[in-house]
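# Structural features, examined
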Amino acid sequence: MSSTPAVDSSDRLNNRRLYLVGFMGSGKSTVGRLLAAETGCEFIELDAEIERRAGCSIRQIFAEQGEETFRELESSVLKIISRRPPPVVVSCGGGVVLREENRRILQETGKTFYLHVDPQIAWQRVSNDEKRPLAQDEQQFFRIWDARRQLYLKSGIKLATDRLSPEQIVDNILQLL
Ligand code: S3P
């Protein structure tokens, strides 16, 4: 009797943790969710995990405790997630690259892709989204982008996403693995 071997699609991640970084509005969550579904892997959104553990929204954390407290939480939750058994897809918040300790975790515990988006397009997508405290003011938004662009570049493999659908971005990532 012949039997067809079971195909484990999560092998397509080569048993790795895969991190997605990029500016607000670059599509990290959409792409991450799709990639996880396609490969049958667990999907974790760092921001959602922060909110779950803190028991309140990112917006509330920024408003009531300030950005520095948010960054502390972000680092400690990333540390916890980075010990999760692979394969897993992790979509990170846009500011995860700011801290050297976070960049080291990304580098040492998985493979990172940087979803590059034109900042003008990003602004169109997220401006005044009340869930994003750092997308309320146009000048501040572009200042933050300028301050971070090099950090994104050195944190992961760059994928230009502007002209691609989420499905095409997922295909590109799978080819680059
Ligand atoms: C932030 C991006 C947000 C969230 C927080 C701070 C940033 O995530 O982590 O509002 O500093 O760029 P998204 O990149 O998913 O918007």
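The structure under discussion appears in the preceding block.
Residues numbered from 1 in each chain as written. Predicted model: local features only at pLDDT ≥ 70, side-chain atom pairs only at ≥ 80, totals over all residues. Heavy atoms only, no water.

## Here we look at helix α4 (residues 67–81)
Test applied: Only runs of H or I of at least four residues qualify as helices and only runs of E of at least two qualify as strands under DSSP, and these elements are numbered from the N terminus. Helix span, expected: 1.5 Å multiplied by one less than the number of residues in the helix. Only protein chains enter the accessibility calculation, which uses a 1.4 Å probe; a residue whose area is less than 20% of its type maximum is buried, one above 50% is exposed, and one in between is partly exposed.
A rise of 1.5 Å per residue sets the reference length of α4, with its 15 residues, at 21 Å; its end C-alpha atoms lie 21 Å apart and thus fit the reference within 8%. Every buried residue belonging to α4 is among F70, R71, E74, S75, V77, L78 and I81, and all of these are buried.

## Let's talk about unusual backbone geometry
Each neighbour pair has its own omega, and for P86 with P87 the value is 5°, a cis peptide bond. Mapped onto the elements of the fold, P87 is located in the loop between α4 and β3 (88–91). For N15, which is not glycine, the phi torsion reads 50° and is therefore positive. Among the secondary structure elements, N15 is positioned in the segment before β1 (17–21).

## Regarding the nonpolar core
Let me state the cut-off plainly: Put simply, a nonpolar core is a bunch of buried Ala, Val, Leu, Ile, Met, Phe, Trp, Tyr and Cys residues held in one set by side-chain atoms that sit within 4.5 Å of each other. Here a residue-residue contact requires only that any non-hydrogen atoms of the pair lie within 4.5 Å.
Judged by nonpolar contacts, the single largest core of 35 residues is most densely connected at V21, F23, L46, C92, V96 and F141. Dropping the residues within four chain positions of it, C92 is found in contact with Y19, L20, V21, K28, L46 and L106. By size, the runner-up hydrophobic cluster in this structure holds 15 residues, among which are V31, A36, V89 and I169.

## What about the site of the ligand?
What counts, and what does not: By convention in these notes, a residue is near a molecule or strand provided one of its non-hydrogen atoms lies within 4 Å of it. Identification of polar contacts relies on pairs of N or O atoms within 3.5 Å, with a donor-acceptor requirement for protein atoms, meaning one able to donate a hydrogen and the other able to accept it, and with residues adjacent in sequence counted only if both atoms are side-chain atoms. Residue-level accessible areas treat just the shown protein chains as cover; the underlying method is Shrake-Rupley with a 1.4 Å probe. For cavity detection a 1 Å grid was placed over the protein atoms alone, and a set of points counts as a cavity when a 1.4 Å probe fits there but cannot get out; an open set counts as a pocket when protein lies on both sides within 12 Å along at least five of seven lines, with lining residues being those that have an atom within 4 Å of a point. Cavities and pockets are treated as containing a molecule whenever more than half of the molecule's atoms lie within 2 Å of their grid points. Note that Gly is not counted as nonpolar here; it falls among the polar residues with everything else outside the nonpolar set of Ala, Val, Leu, Ile, Met, Phe, Trp, Tyr, Cys and Pro and the charged set of Asp, Glu, Lys and Arg.
What surrounds the ligand is a group of 13 residues, the closest being K28, R71, G94, R132 and R148. Between the ligand and R71, the relevant distance is 2.7 Å, taken from an oxygen atom to a side-chain nitrogen or oxygen of the residue. One of the backbone N or O atoms of G94 is found 2.8 Å from an oxygen atom in the ligand. For the ligand, whose free accessible area comes to 380 Å², the fraction covered by protein is 95%. Taking a 2 Å distance to the grid points as the criterion, the majority of the atoms of the ligand fall inside the largest pocket. In the shell around the ligand, the residues fall into 5 nonpolar, 3 polar and 5 charged.

## Looking at helix α8 (residues 166–176)
The test is simple: Note: the arc covers the axis-to-C-beta directions of the helix.
All of the buried residues along α8 are I169, V170, I173 and L174. Angular distribution of buried residues about the axis of α8 spans 135°; they occupy a single face of the element. Residues of α8 that are buried in the fold lie against β1, α1 (28–39), β4 (111–116) and β5 (157–160).

## Let's talk about the packing of aromatic side chains
Quick note on the threshold: Aromatic rings from Phe, Tyr and Trp, with only the six-membered ring used for Trp, were paired whenever their centres fell within 6.5 Å, and each pair was classed as stacked if the ring planes differed by under 30 degrees, edge-to-face if by over 60, and tilted otherwise.
The tally for this structure, following the rule as stated, stands at 8 aromatic pairs. An angle of 15° between the planes, with centres 5.2 Å apart, marks the rings of Y114 and Y152 as stacked. One end of the pair, Y114, is in strand β4; the other, Y152, is in helix α7 (residues 138–155), and 38 residues separate them in sequence. Take Y114: its relative accessible area is 1%, and that puts it in the buried class. Arranged with centres 5.0 Å apart and planes meeting at 55°, the rings of W123 and F141 form a pair that is tilted. Separated by 18 residues along the polypeptide, W123 in helix α6 (residues 119–126) and F141 in helix α7 bring together distant segments of the chain. For the pair formed by W123 and F141, the shared burial category is buried.

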